[in-house]
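# Residue-level structural notes
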Amino acid sequence: MNLIYKVEHSFINTTSTMAFQMQAGPPRSKQDNSEALMWQQGGYGVLDSGVHSGATTGAHSIRDEEMDDGSLLFDLDSQGYSGFTTDQVDEMNAELNVTRSQRVRAAMFPETLDEGVEIPSTQFDPSVPTAVQRLAEPAQMLKHAVVNIINYQDDADLATRAIPELIKLLNDEDQVIVSNAAMMVHQLSKKEAARHAIMSNPQLIAALVRAISSSNDLDTTKGAVGTLHNLSHHRQGLLAIFKSGGIPALVKLLSSPVETVLFYGITTLHNLLLHQDGSKMAVRLAGGLQKMVSLLCKNNVKFLAIVTDCLQILAYGNQESKLIILASQGPIELVRIMRSYDYEKLLWTTSRVLKVLSVCGSNKPAIVEAGGMQALSLHLGHPSQRLVLNCLWTLRNLSDAATKVDGLEGLLQGLVNSLSSEDGNIVTCAAGILSNLTCNNQQNKVVVCQMNGIEALVRTVRAAGDREEITEPAVCALRHLTSRHPVSEMGQNAIRLSYGIPVVVKLMQPPSRWPLIKAVIGLIRNLALCPANHAPLREHGAIARLVHLLMRAYQDSQRRTSVSSGGSTALYPDGVRMEEIVEGTVGALHILARESHNRAQIRGMNVISIFVQLLYHELENVQRVAAGVLCELASDKEGADMIEREGATTTLTELLHSRNEGVATYAAAILFRMSEDKSSDYKKRLSMELSNSLFDRESMWGHEMGGPPPDFQVD
């Protein structure tokens, strides 16, 4: 109190002088000073009263032009004071001089005034504060700063003196003494200066950790862990807790039935995991993962948000942690949280854990089986973009394991809607999920087609331009939707009606990479199954691009074969084998060749020789598609003659005995068509060869040729 009294009187003296200087205005010249002195000697200058009397003088009103408000000197006649006598003015001045210090005290130290004391006001205009009023706020701030500094030092000194004794008390055998000491340390740790003193004393931290580990007393545990919680908000405190072996003790507290203890324990561990190196491994070794998973059954959403964030930190990049969470039934509880709560932060932290677990081959089917796909789909319309994006990435990772899951209509509708998002990441995820969920799943294909998914995907491809992270999964989804399901023909027509054919054909040109080109080739092959698409595909250059890619891939595969035979390892561009491109382009040309104008264009592109050479290919699938396109080309006499001129007869005769029924059937059909204008002796020899190959005419023409191959998935 004495110190505050000294501070107060120092402030009053200083601020009185400042108030007078502010009232008097800026420094004047010698002439101005002499005039002011004469004015004051006349008995009319008042220090800080705000009243400047001139009732008995004949001087006019004076205004200092350098002051902004012009309120320092007044013409009393204009203010209505002309009725005062000299004695009355002198009395007023005397009263204001006497109460000057009280006015300063009232403005700056109101708590020191006695109740009921009336202080005369010197403010004429309520909109213009006096000098003392202008100084009041900064003076109060300065006073509080000085008092805080004094109190801070007092707290630090008190803690420094008390710590040695508190350490002894915490190590006492009497649990009551230990409990009181722990609670006292907890109270000290609530003040910043004392916290720094505690953090700087490793012996005290170690004593607190021992108290947590060895005591069963609730008050002791609360006090000790509460102190560690307060210290964990400082890096120095985190380091002190870590070095003192506090993590095993904190993990032990996660089994406590007391909510306060649980809160202190999990938040302190959370701070350690976020900011202290080495904490993750220490928590894992102390069994923290199992304890945290067991806490997921709690119903406090804020508490659960901290627990799930801890799990995400521990599981990220650590396969062992992911397997521990799985063994502790973590996926089931995490999916339950996603289905049961609407607190955004909890949903976000939980989706982050699921995203980390979804890249684990063991956790992925467990999440799907627990209903993770349906639970995550519930939040695709949430206003939180970070939550939506985490759910989508998790669904993207899970979707290749959910191709046989039923009841995903809501998810599929949400994904189709997400394709119209302006966020490229959301569109990328939605396209990828649709690609996986429509792979070899007829029900999902039908649902997406009925939801106008074809049109949405075409718009997505058109808008994406050269962003292959979007175009590739979108094209793969279109490829799946145009094949092997009851309404596939509707999908094939929908792409044409959405003006998607020129967009798709353009993707076979640079700068598209091989994975995208491979997907586009498969889509064009499916589109060619619809006769109405043949002319648009031809007119937009699909046949020319397919032949160009075939020649390029065939030449590249031959070079790679020669490199491999020399003992070197052949590398594949972007992970795509050129044999796959050869098979895909020839397969697409096979379907396109069913139309006469397309056959004429193919014949004029000098590619039949490559088809014949591919009959010798080591892969049966390549042999099959090559024989298939030659079979279609042989339906015209010009094509049959060109095939014969390429010397294909011998090879085709050998292929009659192929183990692949499709290859043998196509070879027989080509030879039969080539023999239509031959002599009867030639036809007789061919008939004998066909009989020897164990194929009769019924099996030859009854076999379905050119049927679509199964979908293939691109992840």
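Just so it is clear, the structure is predicted and the values come from calculations on it, not from any experiment. (Residues numbered from 1 in each chain as written. Predicted model: local features only at pLDDT ≥ 70, side-chain atom pairs only at ≥ 80, totals over all residues. Heavy atoms only, no water.)

## What about the overall build of the protein chain?
Stated precisely, the cut-off is as follows: Note on conventions: DSSP H or I runs of at least 4 residues are helices, E runs of at least 2 residues are strands, and numbering of each starts at the N terminus. Working definition: with a 1.4 Å probe on protein chains only, accessible area under 20% of the residue-type maximum means buried, over 50% means exposed, and in between means partly exposed. Surface accessibility follows the Shrake-Rupley procedure with a 1.4 Å probe radius. Residue values consider only the protein chains on display as shielding.
Looking only at helices and strands, the protein chain features 41 helices and zero strands. For the protein chain, the proportion of its 715 residues judged to be buried stands at 49%. For the protein chain, the accessible surface area stands at approximately 34,100 Å², while carbon and sulfur atoms represent 52% of it.

## Section: the state of the cysteines
This is how it is decided: Put simply, a disulfide is two cysteine sulfurs that come within 2.5 Å.
Per the stated rule, a full pass over the model turns up zero disulfides. Here Cys476 stays unpaired: no disulfide links it, and the sulfur of Cys439, its closest cysteine neighbor, is 9.2 Å away. Owing to a relative accessible area of 0%, Cys476 belongs among the buried residues under this scheme.

## What to know about helix α34 (residues 596-603)
Where we set the bar: It is the directions from the helix axis to the C-beta atoms whose arc is reported.
Along α34, the positions that sit buried rather than exposed are Asn598, Arg599, Ile602 and Arg603. Here the buried residues of α34 occupy an arc of 135° about the axis, which is enough to place them on one side.

## So, the pattern of salt bridges
Opposite charge on two side chains allows them to pair when their charged atoms are near. Formally: Just to be clear on terms, a salt bridge is a Lys or Arg side-chain nitrogen sitting within 4 Å of an Asp or Glu carboxyl oxygen.
Tallied over the entire structure, the rule returns 15 salt bridges. Across the salt bridge formed by Asp636 and Arg599, the nearest N and O atoms sit 2.7 Å from each other. Of this pair, Asp636 sits in the loop between α36 (620-633) and α37 (637-645) while Arg599 sits in helix α34, placing them 37 residues apart in sequence. With respect to burial, Asp636 and Arg599 carry one shared label: buried. Connected through shared salt-bridge partners, Glu468, Arg513 and Asp574 make up one network.

## Things to note about unusual backbone geometry
Cis geometry marks the peptide bond from Pro510 to Pro511; its omega dihedral reads 10°. Among the structural elements, Pro511 can be located in the loop between α29 (501-506) and α30 (514-527). You will see that Tyr499, though not glycine, has its phi angle at about 55°, which is positive. Take Tyr499: it is sitting in the loop between α28 (488-497) and α29. We note that Asn606 has phi near 55°; this positive angle belongs to a residue other than glycine.

## A word on the environment of Glu344
The condition that has to hold: Here, residues are in contact when the closest pair of their heavy atoms is within 4.5 Å. Think of a polar contact as two N or O atoms within 3.5 Å of one another; within protein, one of them needs to be a possible hydrogen donor and the other a possible acceptor, and neighboring residues in sequence only count if both atoms come from side chains.
Topologically, Glu344 is positioned in helix α19 (residues 344-357). Along the sequence, Glu344 and Arg386 sit 42 residues apart, while their C-alpha atoms lie 9.7 Å from each other. Beyond its immediate stretch of four places on either side in the chain, Glu344 contacts His382, Ser384, Arg386 and Leu387. Engagement of the side chain of Glu344 in a polar contact is seen with the side chain of Ser384, the distance being 2.7 Å.

## Details of the packing of helix α18 (residues 330-340) against α19
Helix packing for two helices is described by the angle between their axes and how far apart those axes are. Note the cut-off: A fitted line through C-alpha atoms serves as each axis, taken over the contacting stretch for helices, and the angle formed by two N-to-C directions is quoted from 0 to 180°. For any pair of crossing helices, the crossing counts as left-handed if the nearer helix is rotated counterclockwise from the farther one by less than a right angle, and right-handed if it is rotated clockwise. We call Asp, Glu, Lys and Arg charged. Ala, Val, Leu, Ile, Met, Phe, Trp, Tyr, Cys and Pro are nonpolar, and the rest, Gly among them, are polar.
Remark: α18 packs on α19, axes separated minimally by 10 Å, with the N-to-C direction vectors making an angle of 145°. Handedness of the α18/α19 crossing: left-handed. Across the interface between the two elements, Leu334, Ile337 and Met338 from α18 touch Leu346, Leu347, Thr350, Ser351, Val353, Leu354 and Leu357 from α19. Counted by class, the contact of α18 with α19 contains eight nonpolar, two polar and no charged residues.

## A look at helix α22 (residues 385-398)
So the rule is basically this: Expected helix span is taken as 1.5 Å per residue step, with the number of steps being one fewer than the number of residues.
Along its 14 residues, α22 runs 20 Å from first to last C-alpha, staying within 8% of the 20 Å computed at 1.5 Å per residue. Within α22, 10 of the 14 residues are buried, which leaves the element mostly enclosed by the surrounding structure. Every buried residue of α22 is listed here: Leu387, Val388, Leu389, Asn390, Cys391, Leu392, Thr394, Leu395, Asn397 and Leu398. Buried residues along α22 sit in contact with α18, α19, α20 (363-369), α21 (372-377), α23 (409-418) and α24 (424-437).

## A short note on the nonpolar core
We apply this condition: Within this scheme, the nonpolar core is defined by two criteria: the residues are buried Ala, Val, Leu, Ile, Met, Phe, Trp, Tyr or Cys, and they are joined through side-chain atoms within 4.5 Å.
Counting residues in each nonpolar core, the largest one holds 183 residues, and the members touching the most others are Met292, Leu415 and Phe611. With 10 residues, helix α16 (residues 301-315) is the single largest residue contributor to this core. Beyond its immediate chain neighbours, meaning those up to four positions away, Met292 contacts Leu254, Ile266, Leu269, Leu273, Val283, Val307, Cys310, Leu311 and Leu314.

## Quick notes on the side chain of Arg195
Secondary-structure assignment places Arg195 in helix α8 (residues 192-199). Side-chain polar atoms of Arg195 contact the side chain of His234, separated by 3.1 Å.

## Here we look at the packing of helix α9 (residues 202-214) against helix α10 (residues 218-231)
What counts is decided by this rule: Small angles under 35 degrees read as roughly parallel and large ones over 145 as roughly antiparallel, with 65 to 115 read as roughly perpendicular and the rest as oblique.
For the pair α9 and α10, the least separation of the axes is 9 Å and the interaxial angle reads 135°. With respect to α10, the axis of α9 lies oblique. For α9 against α10, the interelement crossing comes out left-handed. Every residue of α10 that contacts α9 at Ile205, Leu208, Val209, Ala211 and Ile212 is listed here: Thr220, Ala224, Val225, Thr227, Leu228 and Leu231. Broken down by class, the residue content of the contact of α9 with α10 amounts to nine nonpolar, two polar and no charged.

## What about the environment of Val625?
Within the element layout of this structure, Val625 appears in helix α36. A sequence separation of 37 residues divides Val625 from Ala588, and the C-alpha atoms of the two residues are 8.9 Å apart. If near-sequence neighbours (up to four positions away) are discounted, Val625 is found in contact with Glu583, Val586, Gly587 and His590.

## As for the environment of Thr649
Mapped onto the elements of the fold, Thr649 is located in helix α38 (residues 649-655). As a C-alpha pair, Thr649 and Met674 span 25 residues in sequence and 8.9 Å in three-dimensional space.

## Concerning the packing of aromatic side chains
The line we're drawing: Think of it this way: a Phe, Tyr or Trp ring, Trp meaning its six-membered ring, pairs with another when their centres are within 6.5 Å, and the plane angle makes it stacked under 30 degrees, edge-to-face over 60, tilted otherwise. Here, over-ring charges are defined by two tests on the NZ atom of lysine or the CZ atom of arginine: distance to the ring centre within 6 Å, and angle to the ring normal within 35 degrees.
The final tally for this structure, using the stated rule, is one aromatic pair. Arranged with centres 6.1 Å apart and planes meeting at 50°, the rings of Phe263 and Tyr264 form a pair that is tilted. Judged by its relative accessible area of 39%, Phe263 falls in the partly exposed class. The ring of Trp348 carries Arg352 above its face, with NZ or CZ at 4.8 Å from the centroid. Above the ring of Trp348, the side-chain terminus of Arg386 is found at 3.8 Å from the ring centroid.

## Some thoughts on the confidence of the model for the protein chain
So the rule is basically this: On a scale of 0 to 100, pLDDT captures the predictor's confidence in every residue.
For the protein chain, mean pLDDT is 83; residues scoring 70 or higher make up 75% of the total. Here residues 1-8 is a poorly scored stretch, pLDDT under 50, and it has six contacts once near neighbours within four places are set aside; other chains count.

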